[in-house]
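Chains, contacts and geometry: an overview
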Amino acid sequence: SGTAARAVQDATGIRLAGERVHFKAEHLQKTGSFKPRGAFTRLDALTAEERARGVITISAGNHAQALAYAASFERIPVTVVMPEGASRTKVAAAAGYGAEVVLHGTDVGATLRRMEELREERGLVLVHPFDDPLVIAGQGTVGLEIVEQLPEVDVVVVGVGGGGLIGGVAPAVTAARPGARVYGVEPESSDALARGLAAGRPVPVAPRSIADGLGAPFAGEWAIAIAARSVEEVVLVDDATIVAAMRFAAERMKQILEPAGAAALGALLAGKVPLRGGETVCVVLSGGNVDLARFAELVMGEHPPDWAGAGPR
């Protein structure tokens, strides 16, 4: 769905120079994010022997839910390893879809090590949350749908964690719509893709943002290679901007977004995305899985950016 740029300007005090802004509402997908696209694509490629053995993954929550959901359809045993501090809502959802949930570690490294131990012990097949060409291809269907539904699109804005979503969206959009520009958005304290692009290889980071869904410990090799060719720029936002975007989505759009799902919107509203005037913009709202108590805690906090409260509702 879309909203006129004038409405956005009135609400935020930001001039968007006549752009029309549309939103790809992936937070309304089953499991609350875009992630089932890649999960189903990867599972479809498993052999009969691999299906019998079962699959495993590591996730802060959205990929865990998506893989559990997809595996339940395919009748494939699934184990998901999540950090001890993972959202209780996301943990419950993954278990509810039939996954064996293993909570381990207070940092990504410890969780990853436990996942690798279980994979070796049980002979399970890894379904990587982002650094897998089939997972990336599945996420790329978001980009295909954007161009199909919005053929005049000029700018697409995508939140970035490990790079699986933008790795699929960017080439899909730019191949179908030459001249369109794709921008990635990362939290300032979880800038794995920006660092990976600068170095030309995955660079370990220690994510600290409230956007746990964008808190990958590195950007994948596939995503870095694709982004180097197909992504215009990666811009960074702080946590205050992400929270303000959550508040904006709830108050003005009547949509509940998790921090990771609001980062791209925040970048646009804060003027971080370079626009040329009169362009058609699509923002991917990638996820809506947030505990209501946590949501209330964040959006009722203090010190929003200057633009967050301007204008009529």
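It should be emphasised that the depicted structure is a prediction, and the values quoted were computed from it without experimental measurement.

Reading the values: the criteria
- Residues numbered from 1 in each chain as written.
- Predicted model: local features only at pLDDT ≥ 70, side-chain atom pairs only at ≥ 80, totals over all residues.
- Heavy atoms only, no water.
- Helix = DSSP H or I, 4+ residues; strand = E, 2+ residues; numbered from the N terminus.
- Rg over C-alpha atoms; globule rule 2.2 N^0.38 Å.
- Buried < 20%, exposed > 50% of the residue type's maximum accessible area, 1.4 Å probe, protein only.
- Contact = heavy atoms within 4.5 Å.
- Areas by Shrake-Rupley, 256 points an atom, 1.4 Å probe, with all protein chains shown as cover.
- Phe/Tyr/Trp six-rings, centres within 6.5 Å; stacked < 30°, edge-to-face > 60°.
- Pairing = 2+ DSSP bridges.
- Right-handed = clockwise from strand over helix to strand, strands pointing away.
- Core = buried A, V, L, I, M, F, W, Y, C linked by side-chain atoms within 4.5 Å.
- Axes fitted to C-alpha atoms, helices over the stretch in contact; angles between N-to-C directions.
- Parallel < 35°, antiparallel > 145°, perpendicular 65-115°, else oblique.
- Nonpolar A, V, L, I, M, F, W, Y, C, P; charged D, E, K, R; others polar.

1. Digging into the overall build of the protein
Secondary structure assignment for the protein yields 14 helices and 10 strands. Computed over C-alpha atoms, the radius of gyration of the protein comes to 19 Å, within 12% of the 20 Å expected from 2.2 N^0.38 for 313 residues, which places it in the range of a compact globule. Here the C-alpha coordinates of the protein stretch approximately 55 × 40 × 35 Å along the principal axes. The burial tally for the protein puts 55% of its 313 residues in the buried class. Considering only contacts in the protein between residues 6 or more positions apart, those separated by 24 or more positions represent 72%. Summed over all atoms, the accessible surface of the protein reaches about 12700 Å², with 52% contributed by carbon and sulfur.

2. With respect to the packing of aromatic side chains
Per the counting criterion, the structure on display carries 5 aromatic pairs. An angle of 90° between the planes, with centres 5.9 Å apart, marks the rings of Phe-40 and Tyr-69 as edge-to-face. With a gap of 29 residues between them, Phe-40 in helix α2 (residues 36-44) and Tyr-69 in helix α4 (residues 62-74) connect regions that are remote in the sequence. Given the relative accessible area of 23%, Phe-40 is considered partly exposed. When its relative accessible area of 15% is taken as the criterion, Tyr-69 is described as buried. Ring geometry for Phe-40 against Phe-73: centres 6.0 Å apart, planes inclined by 70°, an arrangement best described as edge-to-face. Residue Phe-40 is located in helix α2, and its partner Phe-73 is located in helix α4; the two are separated by 33 residues in the primary sequence.

3. Concerning the pairing of strand β8 (residues 181-187)
Extensive coverage of β8 is indicated by the burial of 7 of its 7 residues. Side chains Arg-181, Tyr-183, Val-185 and Pro-187 project from β8 onto one buried face, and the interleaved Val-182, Gly-184 and Glu-186 project onto a second face that is buried too. Note that strand β7 (residues 155-159) and β8 share 5 bridges and pair parallel. Its bridge partner being in β8, Val-156 is matched across the sheet by Val-182. Taking the sense of rotation as the criterion, the β-α-β connection linking β7, helix α9 (residues 164-176) and β8 turns out right-handed.

4. Focus on the nonpolar core
The biggest cluster of nonpolar side chains holds 34 residues, and the ones touching the most others in it are Val-157, Val-185, Leu-265 and Val-283. Looking at this core, the element that brings in the most residues is helix α13 (residues 259-269), giving 8 residues. Setting aside chain neighbours within four positions, we find Leu-265 in contact with Phe-23, Ala-245, Phe-248, Ala-249, Met-253, Leu-257, Val-283 and Leu-285. Counting residues in each nonpolar core, the second largest holds 26 residues, with Val-147, Val-169, Ala-170 and Ala-180 among its members.

5. Concerning the packing of helix α10 (residues 192-199) against helix α11 (residues 221-230)
Contact geometry of α10 with α11 gives a least axis separation of 10 Å together with a crossing angle of 75°. With respect to α11, the element α10 is oriented roughly perpendicular. Judged by residue contacts, Leu-193, Gly-196 and Leu-197 of α10 engage Ala-223, Ile-224, Ala-227 and Ala-228 from α11. Its residues placed into classes, the contact of α10 with α11 shows 6 nonpolar, 1 polar and no charged.

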